There are 2 protein chains.
Amino acid sequence: MLSTMKRRQGNTQEPKRDKQKSMQKLLHSVGAILQKDGYKALKANNIAAHAKLDKKLIYNYFGSLGGLIDAYLKKNDFWKKTEAITEKVPLTDLKPDTVVEILKGQFLFLENSVEMQHIILWELCEKNPLLRDILEERERFGEQLFQLSDKYFKGTSVNFRAINALLVSAIYYIILHARYNNNTICGVSTTTEKGREQLFKAIEQIINWCYREAAEERK
Amino acid sequence: MLSTMKRRQGNTQEPKRDKQKSMQKLLHSVGAILQKDGYKALKANNIAAHAKLDKKLIYNYFGSLGGLIDAYLKKNDFWKKTEAITEKVPLTDLKPDTVVEILKGQFLFLENSVEMQHIILWELCEKNPLLRDILEERERFGEQLFQLSDKYFKGTSVNFRAINALLVSAIYYIILHARYNNNTICGVSTTTEKGREQLFKAIEQIINWCYREAAEERK
DNA sequence: AATATAAGTCACCCATCGGTGACTTGCGAA
DNA sequence: TTCGCAAGTCACCGATGGGTGACTTATATT
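Residues numbered from 1 in each chain as written. Chains lettered and ligands numbered in written order. Predicted model: local features only at pLDDT ≥ 70, side-chain atom pairs only at ≥ 80, totals over all residues. Heavy atoms only, no water.

Let us now look at the overall build of chain A. Of regular secondary structure, chain A possesses 11 helices and 2 strands. When the elements of chain A are put in sequence order from the N terminus, they spell out α-α-α-α-α-α-α-α-α-α-β-β-α. Relative to the 2.2 N^0.38 estimate, which gives 17 Å for 219 residues, the radius of gyration of chain A is 23 Å and therefore markedly larger than a compact globule would have. Dimensions of chain A, computed from the C-alpha atoms along their principal axes, are close to 80 × 40 × 30 Å. Looking at the 219 residues of chain A, the share that counts as buried comes to 51%. Considering only contacts within chain A whose residues lie at least 6 apart along the sequence, 64% involve residues at least 24 apart. When the accessible surface of chain A is split by element, carbon and sulfur atoms take 51% of a total near 11,500 Å². (Helix = DSSP H or I, 4+ residues; strand = E, 2+ residues; numbered from the N terminus. Rg over C-alpha atoms; globule rule 2.2 N^0.38 Å. Buried < 20%, exposed > 50% of the residue type's maximum accessible area, 1.4 Å probe, protein only. Contact = heavy atoms within 4.5 Å. Areas by Shrake-Rupley, 256 points an atom, 1.4 Å probe, with all protein chains shown as cover.)

Turning our attention to the pattern of salt bridges. Within the structure shown, the criterion is met by 22 salt bridges over all chains. Notably, a salt bridge pairs K40 of chain A with E126 of chain B, separated by 3.7 Å at the nearest N-O pair. On the criterion of chain membership, the pair formed by K40 of chain A in the loop between α2 (19-37) and α3 (44-51) and E126 of chain B in the loop between α8 (114-125) and α9 (129-153) is interchain, its members lying in two chains. We classify K40 of chain A as partly exposed; its relative accessible area is 34%. The partner of R196 of chain B in a salt bridge is E193 of chain B, with the nearest N and O atoms 2.8 Å apart. (Salt bridge = Lys/Arg side-chain N within 4 Å of Asp/Glu carboxyl O.)

Next up on the list: the domain arrangement of chain A. Residue and element names in this part refer to chain A. Looking at the assigned domains, one finds that chain A contains domain 1 (2-75) and domain 2 (78-218). A straight line from the C-alpha centre of domain 1 to that of domain 2 covers 35 Å. Listed by partner, the interface residues are 12 residues for domain 1 and 11 residues for domain 2. If you sort the residues of domain 1 by the area they bury against domain 2, Q35, Y39 and L73 come out on top, with a joint share of 59%. (Domains from an automatic or database assignment. Buried area = accessible area lost by both parts, 1.4 Å probe.)

Looking at the second largest pocket, its volume works out to about 180 Å³. If you trace the second largest pocket, you find it lined by S149, D150, F153, K154, V158, N159, F160 and R161 of chain A together with Q198 of chain B. Looking at the lining of the second largest pocket, the elements with two or more residues in it are α9 (129-153) and α10 (160-180) of chain A. The residue makeup of the lining of the second largest pocket, split by class, is 3 nonpolar, 3 polar and 3 charged. (1 Å grid on protein atoms, 1.4 Å probe; cavity = no way out; pocket = protein on both sides within 12 Å on 5 of 7 lines; lining within 4 Å. Points joined across faces, edges and corners; volume = space filled by probe spheres on them. Nonpolar A, V, L, I, M, F, W, Y, C, P; charged D, E, K, R; others polar.)

Turning to unusual backbone geometry, a few remarks are in order. All names here are of chain A. In this structure, K52 is a non-glycine residue whose phi angle is positive, near 55°. Inspection of the secondary structure puts K52 in the loop between α3 and α4 (56-62). A relative accessible area of 77% places K52 in the exposed class. Phi is positive for C186, which is not a glycine, with a value near 50°. By the secondary structure assignment, C186 is in the loop between β1 (184-185) and β2 (188-189).

Turning next to the interface of chain A and chain B. Taken residue by residue, the interface counts 54 residues in chain A and 54 residues in chain B. In this assembly, chain A packs against chain B so that about 5,000 Å² is buried in total across both faces, 61% of it on carbon and sulfur atoms. Considering only the surface of chain A that becomes buried against chain B, L124, Y173 and W209 of chain A emerge as the three largest contributors, covering 15% of it. In this structure, the connection of chain A to chain B is made through 4 salt bridges.

The following block contains the structure:
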């Protein structure tokens, strides 16, 4: 006992057989593969090879391939990643500029997060209760934001939630579309800086129209 | 010779070995499977089983599984299916109501065409030159429409193409999303009649804002 | 009726998939 | 130092994937 303690503390070498570390490696490999090749590449052989472990360990530790992937999805709260966007903006009011900033932030975040793209694509392609949980969490967070905007639109003809649903959906589709099809949508390039500016400006305009319309009706 | 002719004409039975018919069967099965189970189910064994033919014929007639699928995509001009939506509307002018009708039509058509949903999903998931061709054809057709709207928006701050790019993208995403996730987006249900009405109204409002803004700026 | 050829059938190849039983080996406790 | 057990290895399973060689059979021509 003393000898093993000594050896562990004496040199920095870690034990070669560490269940916890192996589990972490597998979970990490799920994320890496998801990011690199998408959810379709999440195969037992792939993951084990990436983690440089035997695939048997997937079944020893997580029961099944699905168990490992579920564990990965549970561990990483993806909605929190999107929540981080709104950390800089104040959460007391929801002025037009703030809304536009949040939507732009969503666009830029999603554009840079290949992993998030794959998860959204995954949600569109397959029925998975865990993926639905992620979506519902995201909805709950969004609802908090919308409650701040209610004072502007209550009693007006502007359905601010519906308009944002359209804009958020548009952002999602456009980014997914741009992954493999670098052509245009309605003549607007989705991959160039110029096209993105056009889209941003359109979003800004729509949001401003919402607030203007609501203000006019309330006069 | 006479005997065979007689047999063919005498009874209505067709020859059992008909290359053209077998090819048609295979092509038709591609469509049927695509509609029923999506592009992921387009396997050689599946298609052959559905057509009640040996899978060898796929390779005899089309060279490969990909060749068969490509032949199917070439045969069916999918953009023409979406074009049919606009057949009822006049193509001389593009008033707000007409644009709204076209967008609503896109929504309803896509909602009912499972095959089209699968093709759009396919476009998002995989790189395929033939699928890109379909998209480009669709773009060319859309551009014809937008040229009719230029007189309203030229020289104004309204980028009508960008706003329509957002709305069309939103429609696509919302319908794909609704396939497996019957929850809400930004609090708006995507599967109920009520939610759809909210979205339609929002689309209508945005389009009207475009024309109003352009008219005001031109005064 | 005989025959050449195209149409269609069938068994089989190899790669990959998720998953497992039986084995070996390193670690920690006594 | 010994020893039990968990950690890890490895060969292998059945199912399924795309694809093919060699065979049989129907059909049109002579």
